[in-house]
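Results of the structural survey
Residue strings, one per chain:
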Amino acid sequence: MGLTPPSFPMFFLATLAGGAGLAARLGFLDLPMPFAFVLVAVAFVLLWIACIFRGL
């Protein structure tokens, strides 16, 4: 099983989710702290799925 690079849209979504989580954690967004962790976790899961499955 080989890994494939994620497509640009999936990479962009993961980057947005991770950036929003980081911004919420640092206080730049008005999201509660638990959502900050969830956003960063979702970003990592999106990147993992995009690398494992072809065409994402």
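Preceding this section is the structure that the text describes.
To start, this report covers the structure provided alongside it. (Residues numbered from 1 in each chain as written. Predicted model: local features only at pLDDT ≥ 70, side-chain atom pairs only at ≥ 80, totals over all residues. Heavy atoms only, no water.)

Here the focus is the overall build of the protein chain. Secondary structure assignment for the protein chain yields 2 helices and 0 strands. Dimensions along the principal axes, computed over C-alpha positions, put the protein chain at roughly 40 × 15 × 10 Å. Going through the 56 residues of the protein chain one by one, you find that 21% of them count as buried. A sequence separation of at least 24 residues applies to 55% of the contacts in the protein chain between residues at least 6 apart. Carbon and sulfur atoms form 81% of the exposed surface of the protein chain, whose accessible area is close to 4200 Å². (Helix = DSSP H or I, 4+ residues; strand = E, 2+ residues; numbered from the N terminus. Buried < 20%, exposed > 50% of the residue type's maximum accessible area, 1.4 Å probe, protein only. Contact = heavy atoms within 4.5 Å. Areas by Shrake-Rupley, 256 points an atom, 1.4 Å probe, with all protein chains shown as cover.)

In this section: the packing of aromatic side chains. Throughout the structure, instances matching the rule amount to 1 aromatic pair. On the numbers, 5.9 Å between centres and 25° between planes, the contact of Phe8 with Phe12 is stacked. You can see Phe8 and its partner Phe12 sitting in helix H1 (residues 8-26), 4 residues apart, about one turn around the helix. (Phe/Tyr/Trp six-rings, centres within 6.5 Å; stacked < 30°, edge-to-face > 60°.)

Looking at the secondary structure, you find Phe44 in helix H2 (residues 33-52). On a C-alpha basis, the gap between Phe44 and Phe11 in space is 10 Å, while along the polypeptide they are 33 residues apart.

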